[in-house]
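So you can see what is in the structure, the chains are spelled out below.
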Amino acid sequence: MSEIDSSKAPMSPEEQKAYQARQKQRAVIMAGLLMFMVVLFYLITIVKIGSGS
């Protein structure tokens, strides 16, 4: 599946820190979206139960 590309040089410490910062930012965004979806589904369920449908 994913192979390590041996033709590329290893990342410098600065590049690695920038890469990890981008990964962390994406993880935070995904966690926020997941929490939004959980709250949205919860609210939709409460409204549907409350309306008797």
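Residues numbered from 1 in each chain as written. Predicted model: local features only at pLDDT ≥ 70, side-chain atom pairs only at ≥ 80, totals over all residues. Heavy atoms only, no water.

Asker: I'd like a rundown of the overall build of the protein chain, residues and numbers included.
Answerer: The secondary structure content of the protein chain amounts to one helix and zero strands. The buried share of the protein chain, taken over its 53 residues, is 0%. Within the structure as shown, the protein chain displays about 5,400 Å² of accessible surface, and the carbon and sulfur contribution to it stands at 68%. (Helix = DSSP H or I, 4+ residues; strand = E, 2+ residues; numbered from the N terminus. Buried < 20%, exposed > 50% of the residue type's maximum accessible area, 1.4 Å probe, protein only. Areas by Shrake-Rupley, 256 points an atom, 1.4 Å probe, with all protein chains shown as cover.)

Asker: Give a description of helix α1 (residues 13–51) that names residues and reports values.
Answerer: For α1, built from 39 residues, the straight-helix expectation of 57 Å at 1.5 Å per residue is met to within 8% by its first-to-last C-alpha distance of 57 Å. Where α1 terminates, the next one or two residues include G52, which has phi positive at roughly 80°. (Expected span 1.5 Å × (residues − 1).)

Asker: Summarise a nonpolar patch on the surface; cite the residues concerned and give the values.
Answerer: Together, M35, V39, Y42, L43 and I46 give the surface a local cluster of nonpolar side chains, amounting to about 510 Å² of exposed area. In this structure, I46 sits in helix α1. A relative accessible area of 43% places I46 in the partly exposed class. (Patch = residues over 30% accessible without salt bridge, like charges linked within 9 Å, V, L, I, M, F, W, Y side chains within 5 Å. Salt bridge = Lys/Arg side-chain N within 4 Å of Asp/Glu carboxyl O.)

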